[in-house]
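Chain and residue survey
What follows is the residue order along each chain.
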Amino acid sequence: MKTKRLWVAAAILFVLSSTSLWAVDVVSYKSLSGVVWHQQDVYVTINSFTDSWKNVVGKDWYMTMTVENRGDDPADFDATKIEINDSKGTRFMARPVPGAAPSELKQTLPPHGSSQFRVMFDGHIFFDRRTPAHLKYTLDTKVDIIK
């Protein structure tokens, strides 16, 4: 009977530890399209996440998203507060795509309103299955990204 209780306790600890480890979505960078994350009443749906070679030295990553305010009050959204931290400790901040004004990345959404955003991350983002990169908004991890 004592052995059975130990096994049950071990199983409970395993379930509790695994659920806390995976509280954030873990997604391949190739499968980010369709991922939804939120900050209070503001819900963000990633429409696409693609790369484009700009030259031999660097790589640009583009992310388009639909942002919805599901609340009853106006809500601010600032896409410049989106960042990706790769597994090597490098931070890539979202910035406007070429030709767009920085002010386009900051909006106050009306109640139950939505808007489209397109941002760019510049550089070689290192995606690795063993150590996920982190997509963050206002310092909160929203999605862990792997290769």
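Coordinates for the structure precede this section.
Presented here is a report on the structure given in the accompanying data block. (Residues numbered from 1 in each chain as written. Predicted model: local features only at pLDDT ≥ 70, side-chain atom pairs only at ≥ 80, totals over all residues. Heavy atoms only, no water.)

Quick look at the overall build of the chain now. The helix and strand tally for the chain stands at one helix and twelve strands. Traced from its N-terminal end to its C-terminal end, the chain shows the element sequence α-β-β-β-β-β-β-β-β-β-β-β-β. The proportion of buried residues among the 147 residues of the chain is 39%. For the chain, the proportion of contacts with a sequence separation of at least 24, taken over those separated by at least 6, is 62%. (Helix = DSSP H or I, 4+ residues; strand = E, 2+ residues; numbered from the N terminus. Buried < 20%, exposed > 50% of the residue type's maximum accessible area, 1.4 Å probe, protein only. Contact = heavy atoms within 4.5 Å.)

Another aspect to go through is the packing of aromatic side chains. Enumeration over the complete set of coordinates arrives at nine aromatic pairs. Taking the centre distance of 5.1 Å and the plane angle of 15° together, the rings of F49 and W61 count as stacked. On the criterion of sequence distance, the pair formed by F49 in strand β3 (residues 42–53) and W61 in strand β4 (residues 59–69) is long-range, its members being twelve residues apart. When sorted by exposure, F49 lands in the same class as W61, which is buried. Consider the rings of F77 and Y137, whose centres lie 5.2 Å apart with planes at 15°: the pair is stacked. Taken together, the positions of F77 in strand β5 (residues 75–78) and Y137 in strand β11 (residues 133–137) put the pair 60 residues apart, joining distant regions of the chain. Across the pair, exposure class does not vary: F77 and Y137 are buried alike. Across the ring face of Y43, the terminal group of R70 is positioned such that the distance to the ring centre comes to 3.9 Å. Note that K88 overlies the ring of F126, its terminal NZ or CZ placed 4.4 Å from the centroid. (Phe/Tyr/Trp six-rings, centres within 6.5 Å; stacked < 30°, edge-to-face > 60°. Lys NZ or Arg CZ within 6 Å of the ring centre and 35° of its normal.)

With that settled, the discussion passes to the sheet that holds strand β7 (residues 91–93). Taken together, the five strands give an open sheet; going across it, the order is β1-β12-β11-β6-β7, and neighbouring strands pair in mixed fashion. Looking along the sheet, the strands with just one partner apiece sit at the ends: β1 (25–28) and β7. Neighbour to neighbour, the strand axes of the sheet diverge by 25° on average, direction disregarded. Pairing geometry for strand β6 (residues 82–85) and β7, over three bridges, is antiparallel. Across the sheet, the residue bridging to E83 is M93, located in β7. (Pairing = 2+ DSSP bridges. Axes fitted to C-alpha atoms, helices over the stretch in contact; angles between N-to-C directions.)

Membership of the largest hydrophobic core comes to 32 residues, with the highest contact counts inside it found for F77, I82 and F121. Residue assignment for this core shows that the elements contributing at least two residues are β3, β4, β5, β6, β10 (114–122), β11 and β12 (140–146). Look past the residues within four positions of I82 in its chain and what remains in contact with it is W37, M63, M65, F77, F92, M93, A94, F121, L135, K136 and Y137. (Core = buried A, V, L, I, M, F, W, Y, C linked by side-chain atoms within 4.5 Å.)

Okay, unusual backbone geometry next. Most of the time, phi is negative for any residue but glycine, and the peptide bond is trans. Look at H112: it is not a glycine, yet its phi comes out positive at around 60°. Relative to the assigned elements, H112 resides in the loop between β9 (106–109) and β10.

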